[in-house]
Amino acid sequence: MDAQSHRPENPAADTPGTPVTDTSENPATGAPEGTAVRGGGHPWAGFLLRRLGGLLAVLVTLVVVTFLIVQLIPGDPARALAGPDATPQQIEQLRHEIGLDRPLPEQFASYAGGLLGGDLGVSFQTREPVADVIAARLPFTAELALLAVVVALAVAVPLGMAVAVATRGGRRPRLDAAFTFVTGLGGAAPEYVLGTLLVLVFAIGLGVLPASGAATLSALVLPVTAIALPGACVLARVVRREAAVVLEQDYMRTARGRRLPAPALYARHALPNLLTGTLTLGGLTLSALLGGTVIVESVFAWPGMGTRVVEAILARDYPVIQGTVLVLGLLAALINMIVDVLLGLLDPRTLAGRSHA
C-alpha cells in the first residue's frame with residue numbers, strides 16, 4: 001500500500017502540541033478569524049483612537065492657522081479702533097493694551113495658553129468675551145446648517161435613486177443627460193449667487209418671502225434653499241452613481257426575479273448597500289455646507305456667526321475672527337468624525353482602516 005495515501009491533509013492537525021490556525025474570515029475586520037486585529041485590541045478601540053488622534057491634529061492645525069491668518073489681514077486694528085482723530089501716542093497705548101506690541105511667539109503662547117484654559121479672548125471692538133459672542137450667534141448658524149443638511153439629504157437620496165432606477169441599463173439617455181447637466185450646474189453655483197437670485201425672485205419680484213432677518217419661520221426658506229441646493233445636487237450625483245453600481249449586482253437581479261414590491265426592493269436591498277459610498281463623499285459635502293452657511297448669512301442679514309465674522313474682519317477684530325474660524329473648523333472636523341463612525345457601523349471593514357470596495 002502506498003504510504004502517501006495515509007498522509008494527513010494538514011500535518012499540523014495531527015501533531016501533538018501544534019495549534020491549528022483557523023483560516024476563516026472575521027466579518028468585522030476582513031482578516032482571518034485566528035488573526036488578531038492589529039494593535040491586539042478591539043477594532044473599535046483602534047478605530048476611535050485613530051479618529052481622536054486625527055481630531056487632535058486638526059485642532060492643533062486650526063490653532064496655528066487661526067493665529068497666523070489674522071496677521072495677514074492688512075491694516076492696523078489699533079488704528080481702526082482708536083478712530084481717525086487719535087494721536088500716535090493714543091494708538092501706541094492701545095496697541096500695548098491689546099498686546100499687539102509683543103513679539104509674535106509671545107502672542108502665540110498667550111493665545112494658545114488662553115485656549116487651553118477655555119478662554120477665546122476678548123473682542124477688540126465691543127470688549128465682550130469672544131465665547132459669549134459665539135454662544136449668542138452659534139444657535140442661528142447651527143439652525144441654518146442643520147436644516148440645510150436635512151433638506152439636502154431629503155432631496156438628494158430619493159432623486160439620485162429614482163434617476164438610477166429610471167436609467168438602469170442605458171435606458172432614457174435624455175433623462176440621464178438632463179440630470180447630469182442640471183445637477184452639475186446647481187452644484188457649481190456659489191451659495192451667495194443663489195441667495196441673491198432667490199431674493200430677487202421671491203422677495204423683491206413676487207414678494208412672497210422675507211429677504212432678510214430671522215423674525216419668522218418663513219425667513220428660513222430662502223437661506224436654507226440657497227445653502228442646501230448645491231449640496232443636494234452634488235449628493236444626488238453621488239447617490240445616482242452608487243445606486244447604478246448597486247442595481248447591477250447579482251443579489252439585486254435575484255431580488256428582482258422574486259418580483260418584490262418596488263419599496264421593498266429599493267429601500268431594503270439597494271439603499272443600505274449604497275449608503276457607505278454615499279456617506280464617504282457626502283461627509284465632505286455636508287462639511288462644506290457649514291462654510292456655505294457663513295457666506296449666505298451675509299446675503300440675508302442672518303444674525304449668525306457669518307455676519308459677525310464679516311463685521312470682525314472689517315474692524316480688524318482679531319479675537320473674534322480667530323474664535324469664529326476655530327469653532328467652525330472644529331465643527332467641520334466633528335462632522336467628518338461622526339460620518340466615519342456611521343461608516344464603521346454600516347461597514348465594519350472600515351474599522352481596520354480599509355475603505356469599502
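This structure is a prediction, so every number in the text was calculated from the model and none was measured.

S.K.: What is the right way to read the overall build of the chain from this model?
M.R.: A count of helices and strands for the chain gives 12 helices and 0 strands. Reading the chain from its N terminus to its C terminus gives the helix and strand order α-α-α-α-α-α-α-α-α-α-α-α. Counted over contacts in the chain with a minimum sequence separation of 6, partners at least 24 positions apart contribute 70%. Working note: accessible area of the chain is about 19,900 Å², and carbon and sulfur atoms make up 66% of it.

S.K.: Hey, could you run me through the pattern of salt bridges in this one?
M.R.: Oppositely charged side chains can pair when the atoms bearing their charge come close. Tallied over the full model, the rule gives 5 salt bridges. One salt bridge connects Arg241 with Glu242, and the closest N-O pair in it is separated by 3.7 Å. Judged by relative accessible area, Arg241 falls into the partly exposed class, the value being 44%. For Asp317, the salt bridge identified is with Arg308, shortest N-O distance 3.7 Å. The exposure class assigned to Asp317 is buried, which follows from its relative accessible area of 0%. Arg308 sits in the buried class, given a relative accessible area of 6%. Within this structure, Arg308, Glu311 and Asp317 form a network of salt bridges that share partners.

S.K.: For this particular structure, what's the right way to read unusual backbone geometry?
M.R.: It is generally the case that most residues other than glycine have a negative phi and that most peptide bonds are trans. Its identity as a non-glycine residue notwithstanding, Arg127 has a phi of 65°, on the positive side. Considering the arrangement of structural elements, one finds Arg127 in the loop between helix H4 (104-116) and helix H5 (130-166). By relative accessible area, Arg127 is classed as exposed at 53%. Phi angles above zero are rare outside glycine, and Arg172 is one such case at about 50°. Within the fold, Arg172 resides in the loop between H5 and helix H6 (173-188). The exposure class of Arg172 is partly exposed, given its relative accessible area of 48%.

S.K.: Could you clarify how one ought to interpret the UniProt feature "transmembrane region" (unreviewed entry) in the chain in this entry?
M.R.: In the numbering used here, UniProt assigns the "transmembrane region" (unreviewed entry) feature to residues 52-73, 144-166, 178-209, 215-239, 274-300 and 320-346. Structurally, residues 52-73 comprises 82% helix and 0% strand, and the distance from its first C-alpha atom to its last is 32 Å. Note that residues 144-166 is 100% helix and 0% strand, and that its end C-alpha atoms are spaced 33 Å apart.

S.K.: Whenever I open this one, the nonpolar core confuses me. Can you help?
M.R.: Looking at soluble globular proteins, one finds that nonpolar side chains tend to be buried together. Counting 30 residues, the largest nonpolar core has Ile98, Tyr111, Leu115, Leu120, Ile134 and Leu326 as its most contacted members. Top contributing element to this core by residue count: helix H12 (residues 318-346), with 7 residues. Not counting residues up to four positions away in its chain, the partners in contact with Ile134 are Leu120, Pro139, Met305, Gly323, Thr324 and Val327.

S.K.: Quick question: what am I supposed to make of H4 here?
M.R.: Two residues of an α-helix separated by three or four positions point the same way, owing to the 3.6 residues in each turn. With 13 residues, H4 should cover 18 Å at 1.5 Å per step; its first-to-last C-alpha distance of 18 Å lies within 8% of that length. Buried within H4 are the following residues: Gln107, Tyr111, Gly114 and Leu115. Angular distribution of buried residues about the axis of H4 spans 100°; they occupy a single face of the element. Summarising the geometry of H4, the exposed residues directed more than 90 degrees from the buried face are Pro105 and Leu116. With its phi angle positive at about 80°, Gly118 sits one or two positions after the end of H4.

S.K.: I'm lost on the packing of aromatic side chains in this one. Help?
M.R.: Any pair of aromatic rings gets described here by the distance separating the centres and the angle formed by the planes. Inspection of every chain in the model, using the stated rule, returns 3 aromatic pairs. Seen in terms of ring centroids, Phe67 and Phe108 are 5.2 Å apart; in terms of plane orientation they differ by 70°. Their pairing is edge-to-face. Here Phe108 lies in helix H4 and Phe67 lies in helix H1 (residues 43-69), a separation of 41 residues in the sequence. Using a relative accessible area of 5% as the deciding quantity, one classes Phe67 as buried. Considering the side-chain rings of Phe140 and Trp302, the 6.3 Å spacing of their centres and the 75° angle between planes classify their relative orientation as edge-to-face. Placement of Phe140 in helix H5 and of Trp302 in the loop between helix H10 (262-299) and helix H11 (305-315) is noted, with a sequence separation of 162 residues between them. One aromatic cluster in this structure is built from Phe67, Phe108 and Tyr111.

Cut-offs used in this document
Residues numbered from 1 in each chain as written. Predicted model: local features only at pLDDT ≥ 70, side-chain atom pairs only at ≥ 80, totals over all residues. Heavy atoms only, no water. Helix = DSSP H or I, 4+ residues; strand = E, 2+ residues; numbered from the N terminus. Contact = heavy atoms within 4.5 Å. Areas by Shrake-Rupley, 256 points an atom, 1.4 Å probe, with all protein chains shown as cover. Salt bridge = Lys/Arg side-chain N within 4 Å of Asp/Glu carboxyl O. Buried < 20%, exposed > 50% of the residue type's maximum accessible area, 1.4 Å probe, protein only. UniProt positions renumbered as here; feature names shortened; annotations may be inferred. Core = buried A, V, L, I, M, F, W, Y, C linked by side-chain atoms within 4.5 Å. Expected span 1.5 Å × (residues − 1). Arc of directions from axis to C-beta. Phe/Tyr/Trp six-rings, centres within 6.5 Å; stacked < 30°, edge-to-face > 60°.

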